[in-house]
Amino acid sequence: MRLLVTGGAGFIGSNFVRQALRRSRQVEILVLDLLTYAGNLENLAPVADLPTFRFSRVDIRDAAAVRDAFRSFRPEAVVHFAAESHVDRSIHSPAEFVSTNVTGTGVLLEAAREWPVGRFLHVSTDEVYGSIPAPHAADEERPLSPSNPYSASKAGADLLVSAYAKTHSLPVLITRASNNYGPYQFPEKLIPLMITNALADKPLPVYGDGLQERDWLHVHDHCRAIEAVLAAGRAGETYNIGGECSMQNIEVVRRVLDCCRKPASLIEYVPDRPGHDRRYALDSKKVKSDTGWEPSTSFDSGLWETVRWFRDNPEWSARVHSGEYRTFHDLNYSQRGEFPSV
Ligand code: NAD
Ligand code: DAU
């Protein structure tokens with residue numbers, strides 16, 4: 001199976017690529033990634049020497065480069081992770097979110113129309129449903145009601161993907177996952193930021209009253225779910241992927257402090273995020289019944305393992321913060337950008 005993976009140098013994408021290549025020698029992967037601040041080639045170092053792995057630095061908004069990649073690699077399936085992914089950044093600089101998340105997705109869909117693929121899996125988010133009042137959980141039929149520029153751009157991309165299924169019979173799948181955590185997550189998101197700050201004895205900024213609820217999904221469970229949907233999902237369908245671990249932010253922060261053996265005095269309440277969604281909650285019955293997938297990592301063990309990973313890889317966080325990774329090994333990998341012939 002030839003898989004084209006966009007955004008494969010980011011947090012979830014790189015976990016997916018490492019996991020898929022480890023699991024099967026029948027899978028060949030070409031990663032297309034622009035290597036923004038969030039894309040890091042070090043994340044792919046464990047698979048860089050495999051003959052089944054290729055990387056090319058490509059902006060998904062660049063139609064000619066994307067078409068070239070499709071024409072040369074002839075993917076049988078696409079898994080589309082590439083996006084601007086951080087809500088706070090989208091509030092300050094929305095333009096990149098609209099262009100990468102909406103226009104970039106449109107460019108990929110056009111390429112997939114020209115060079116047909118068996119599956120086009122678009123990786124989306126529970127944020128497209130907006131805040132869900134307790135005790136409800138959003139199923140896939142819930143109307144989209146995004147609250148911030150990030151989630152609005154993801155909702156726009158979801159609608160574009162669905163439109164290509166209707167207009168062009170493109171065999172698309174959409175997955176909408178809840179909050180991921182795990183190794184290699186950029187330390188701007190809640191859990192890795194709290195871990196790296198706690199380990200460095202820096203304050204842990206909690207937005208507003210800290211009583212917002214998120215549903216936590218370990219990245220390995222998310223990647224297994226994507227593999228399951230790719231294999232067994234019904235074309236044209238959307239699948240929610242929840243972690244079944246709902247928790248208030250302040251509780252997450254307390255658990256991080258426990259794992260790091262640091263005092264609660266590091267917690268600092270700061271002004272709230274504008275338009276902050278109070279609660280996300282997903283109904284994931286459909287993915288379970290169609291594919292048999294279940295989340296398998298408990299939050300406690302997943303968090304311990306994540307804290308251990310950040311503790312064991314301080315140089316990764318340091319390089320990520322300094323931006324050094326943008327040139328690290330860059331030349332090597334660019335030279336490997338030729339696509340395998342078919
Ligand atoms: P991330 O920010 O860690 O990685 C994004 C990757 O996309 C980076 O490697 C970056 O270089 C690349 N990229 C950005 N703009 C690009 C462009 N124009 N062309 C090519 N590559 C580009 O993101 P993540 O947390 O791994 O999220 C991956 C996907 O999963 C996103 O689509 C996100 O919306 C979705 N998602 C994330 C979560 C979460 O909790 N992190 C939950 C549900 C869904
Ligand atoms: O729900 C899925 C989404 O989860 C993904 O689609 C996004 O790509 C991903 O970034 C994430 O969005 P959130 O906004 O939920 O994640 P973030 O880690 O930024 O924040 C989680 C919660 O923690 C949120 O309620 C805001 C709060 N928070 C976050 C940060 C960074 C704080 O209280 N303090 C912080 O410093």
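What counts and what doesn't
Residues numbered from 1 in each chain as written. Chains lettered and ligands numbered in written order. Predicted model: local features only at pLDDT ≥ 70, side-chain atom pairs only at ≥ 80, totals over all residues. Heavy atoms only, no water. Salt bridge = Lys/Arg side-chain N within 4 Å of Asp/Glu carboxyl O. Helix = DSSP H or I, 4+ residues; strand = E, 2+ residues; numbered from the N terminus. Buried < 20%, exposed > 50% of the residue type's maximum accessible area, 1.4 Å probe, protein only. Pairing = 2+ DSSP bridges. Axes fitted to C-alpha atoms, helices over the stretch in contact; angles between N-to-C directions. Contact = heavy atoms within 4.5 Å.

Draft legend 1. Local environment of the pattern of salt bridges. Tallied over the full model, the rule gives 23 salt bridges. Among the ionic pairs, Asp 88 bridges to Arg 273, the shortest N-O distance being 2.6 Å. With Asp 88 in helix H3 (residues 87–92) and Arg 273 in the loop between strand E12 (267–270) and helix H9 (285–291), the pair connects residues that are 185 residues apart, well separated along the chain. Under the relative-accessibility criterion, Arg 273 is labelled buried at 17%. The residue Arg 234 makes a salt bridge to Glu 237 at a minimum N-O spacing of 4.0 Å. Given a relative accessible area of 24%, Glu 237 falls into the partly exposed group. Each member of the salt-bridge network shares a partner with another, and the members are Arg 234, Glu 237, Lys 286 and Asp 290.

Draft legend 2. The arrangement of the sheet that holds strand E1 (residues 2–6) in detail. Strand order across the open sheet formed by seven strands is E3-E2-E1-E4-E5-E6-E10, with parallel pairing between neighbours. At either end of the open sheet lies a strand with only one pairing partner, and these are strand E3 (53–57) and strand E10 (238–241). Here the strands of the sheet are splayed against their neighbours by 20° on average, with no regard to which way each runs. Where strand E5 (residues 119–125) meets strand E6 (residues 172–177), six bridges bridge the pair, whose relative direction is parallel. Bridged to His 122 within E6 is Ile 174. Contacts between helix H7 (residues 219–232) and the sheet are confined to E1, strand E4 (77–80), E5, E6 and E10, with E5 contributing the most and set at about 145° to the helix.

All we've got here are geometric facts, nothing functional implied.
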